[in-house]
Amino acid sequence: MNTRQTRIGGLLALVLTTGAFATVAGGCTDDAYCFVNCGDAQATGGMGGAGGGQGGVGGMNVGGDAGGFVGPGSGGGNACGADLLNDVNNCGACENRCQLASAFPKCINGACVVDMCVAGTYDIDGDAKNGCEYTCPVAVLGPELCNGIDDDCDGKVDAADSDLMEPANLCTVTPGTPCAGTKIVCNGAAGWSCDYPAEVEVVSGFVRTTETKCDGIDGNCDGNIDEWFQDLGKPCDDGALGTCVDKGVIICDPMNSGKTTCDLAAPPAPLPPTPEKCNGIDDDCDGFIDEEMDPMAFDMDMIPGSNPAVYVDRYEASRPDATMQNAGISENVSCSKSGVLPWASASYSEAEAACASRGPGFRLCTAAELSAACNGGMAGMNYPYGMMYDPMACYGVDNGNAMNSAHATGNLNTCMAMAGSFDLSGNVTEWTSTQTNVAAAPNRIFQLHGGSYLSPQLGLACTMELPARAAEQTLLPNIGFRCCRQ
């Protein structure tokens, strides 16, 4: 083989020839080295024939890299002969190596891309330039949890990740209560919580079973308001006595939501203390009822002709708590008042004690005192209303309205005596202190006066020749009494 050097364009080209013409191949695909216009070399002249003289100079590289160096087998248009579209060491350009952080690279269409990330790293932003830029804090992927960790390794933590699923039935959201519309909140490493309104009572993140606040709010969201304060709405008072007590109703204490208090603002207002009356009420607010009453507390009339003056009850004796429909049960003292059922079915000793309990000077009346009160001290006044019998004037057996029972005191104005006393004839017959035998207690017999709703005409007179009598322990619904005072 003969070798010669040829200078073309100032460069030295080494051309290998044989006896025949040698041609410079386009694209420099042979083993020769090309320095100028090697990309698409087209021969413009030929070498001399076999054994002939020097041929024409080979053609210049058209469209190739001027002055580029093309290695053997490089293919069209590049200096390194590599597959620039797929070669990770020459990706898009010679010597452009695909080196991506934490990734196994790949060259696709002349661009470096992530083929696969190193274990534990992820390409979150999709930008191949920074490779697999995200290092996940968990070793094994799982669903996103509320724990402050990116469990699914997508670069989003807890509530910032749309994949986070809220637990069901964690919060109380009872409709119609302050809990309605409560939102569940992820608190990172602290986990889930419920964002309840301020008026909801919560302990350790959960709604209380038992309300501790009396505030007019359903604090435990159970559909009931302040139900644990069971005295709410009940009557109360200020602790005073008698008529001086101020009554109210129990409400939530506005100064302490954990307590109730007695609201005394509503009427009626308490009354000031007054002299004690015979009414079953502590009028003087000392804690005692119907005690040490003034003699004027009893409605009495002076008996005509008495000297010294003797006063008699205007009305048949009654219990302090008696009403028009009920005779009452309090028996500590007897009263004289109108419009109430008389105190009947009392023995002589009970009647005597009831009068004496009023105070000094009070006692059962004698038969003569009641007779004088009945006729006004006037001879010929057989009845409290006049000389002649009137079956309808008082409650006797002939009065169709008697109905075989006692009526309220002073119910008939026609049965009033001249002195002003009522029912000295009829309604209930009355014990007197006039004893009709000489026996000692408990075998005494006492005269009765005035007759009752069971008495006929003769039994209703103010004075009788043969008056009714009863043993001292007799208890009958038509026997009552009235008191006198000197």
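Residues numbered from 1 in each chain as written. Predicted model: local features only at pLDDT ≥ 70, side-chain atom pairs only at ≥ 80, totals over all residues. Heavy atoms only, no water.

(A) Layout of the state of the cysteines. This structure, assessed with the given rule, holds 16 disulfides. Two residues share a disulfide in this structure: Cys136 and Cys153, whose sulfurs sit 1.7 Å from each other. Between Cys136 and Cys153, the disulfide has an S-S torsion of -70° and is therefore left-handed. With Cys136 in the loop between β6 (134–135) and β7 (183–186) and Cys153 in the loop between β6 and β7, this residue pair connects regions lying 17 residues apart in the sequence. Residue class for Cys136 comes out buried when judged on its relative accessible area of 9%. The class for Cys153 is buried, based on a relative accessible area of 5%. Across the disulfide from Cys365 sits Cys484; the S-S distance is 1.8 Å. On the S-S bond that ties Cys365 to Cys484, the torsion sits near 105°, and the link is right-handed. One end of the pair, Cys365, is in the loop between β16 (362–364) and α2 (367–375); the other, Cys484, is in strand β21 (residues 483–485), and 119 residues separate them in sequence. Note on accessibility: Cys365 and Cys484 belong to one class, buried. (Disulfide = S-S within 2.5 Å. Helix = DSSP H or I, 4+ residues; strand = E, 2+ residues; numbered from the N terminus. Buried < 20%, exposed > 50% of the residue type's maximum accessible area, 1.4 Å probe, protein only.)

(B) Molecular detail of the sheet that holds strand β14 (residues 300–302). Read from one edge of the open sheet, four strands run β14-β15-β21-β16, paired in antiparallel fashion. One side of each edge strand has no neighbouring strand; the edge strands of this open sheet are β14 and β16. Strand-to-strand twist of the sheet, defined as the mean angle between neighbouring strand axes without regard to direction, takes the value 35°. Where β14 meets strand β15 (residues 311–313), three bridges bridge the pair, whose relative direction is antiparallel. Along β15, the bridge assignment pairs Met302 with Tyr311. Against the sheet, helix α1 (residues 348–356) contacts β16 and β21, and its axis sits at roughly 160° relative to β16. (Pairing = 2+ DSSP bridges. Axes fitted to C-alpha atoms, helices over the stretch in contact; angles between N-to-C directions. Contact = heavy atoms within 4.5 Å.)

(C) Molecular detail of unusual backbone geometry. A cis amide bond links Asn307 with the next residue in sequence, Pro308, at an omega value of 0°. With omega at 10°, the peptide bond leading from Ala441 into Pro442 counts as cis. The residue Pro442 is located in the loop between β17 (429–435) and β18 (445–449) in this model. Backbone geometry places Asp158, a non-glycine residue, at a positive phi of 55°. You can see Asp158 is positioned in the loop between β6 and β7. You will see that Asn169, though not glycine, has its phi angle at about 60°, which is positive. The residue Asn169 is located in the loop between β6 and β7 in this model. Owing to a relative accessible area of 79%, Asn169 belongs among the exposed residues under this scheme.

(D) Summary view of the side chain of Asp313. As for its placement among the helices and strands, Asp313 is situated in strand β15. On the basis of relative accessible area, Asp313 is assigned to the buried category, the value being 0%. Side-chain polar atoms of Asp313 contact the side chain of Arg358, separated by 2.8 Å. At 2.9 Å, the side chain of Asp313 and the backbone nitrogen of Cys483 are in polar contact. (Polar contact = N/O pair within 3.5 Å; in protein donor to acceptor, adjacent residues only side chain to side chain.)

(E) Representation of the packing of aromatic side chains within the structure. Within this structure, the stated rule accounts for seven aromatic pairs. With a centroid separation of 5.4 Å and an interplanar angle of 10°, the aromatic rings of Tyr315 and Phe422 are classed as stacked. Here Tyr315, found in the loop between β15 and α1, pairs with Phe422, found in the loop between α2 and β17; they are 107 residues apart in sequence, far enough to count as distant. Each member of the pair, Tyr315 as well as Phe422, carries the same accessibility label: buried. Judged by centre distance (5.5 Å) and plane angle (10°), the rings of Tyr383 and Tyr385 are stacked. The exposure class assigned to Tyr383 is buried, which follows from its relative accessible area of 5%. Taking relative accessible area as the criterion, Tyr385 reaches 24% and is therefore assigned partly exposed. These aromatic residues form a ring-pair network of at least three members: Tyr348, Trp431 and Phe446. (Phe/Tyr/Trp six-rings, centres within 6.5 Å; stacked < 30°, edge-to-face > 60°.)

(F) Looking closely at the pattern of salt bridges. This model, assessed by the stated rule, comprises seven salt bridges. Of the charged contacts in the structure, one is a salt bridge between Asp299 and Arg314, with a shortest N-O distance of 3.6 Å. In this pair, Asp299 sits in the loop between β13 (260–263) and β14 while Arg314 sits in the loop between β15 and α1, placing the two residues 15 residues apart along the sequence. We note a salt bridge from Arg444 to Glu472, for which the minimum N-O separation is 3.0 Å. One end of the pair, Arg444, is in the loop between β17 and β18; the other, Glu472, is in the loop between β19 (469–471) and β20 (479–480), with 28 residues separating them in the sequence. It is possible to trace a salt-bridge network through shared partners that takes in Asp299, Asp301 and Arg314. (Salt bridge = Lys/Arg side-chain N within 4 Å of Asp/Glu carboxyl O.)

(G) Highlighting the pairing of strand β4 (residues 111–117). As paired strands, strand β3 (residues 103–108) and β4 are joined by six bridges and run antiparallel to one another. Bridge assignment links Lys106 to a residue of β4, and that residue is Val113. Connecting β3 to the next strand, β4, in antiparallel fashion are two residues, including Asn109 with a positive phi near 55°.

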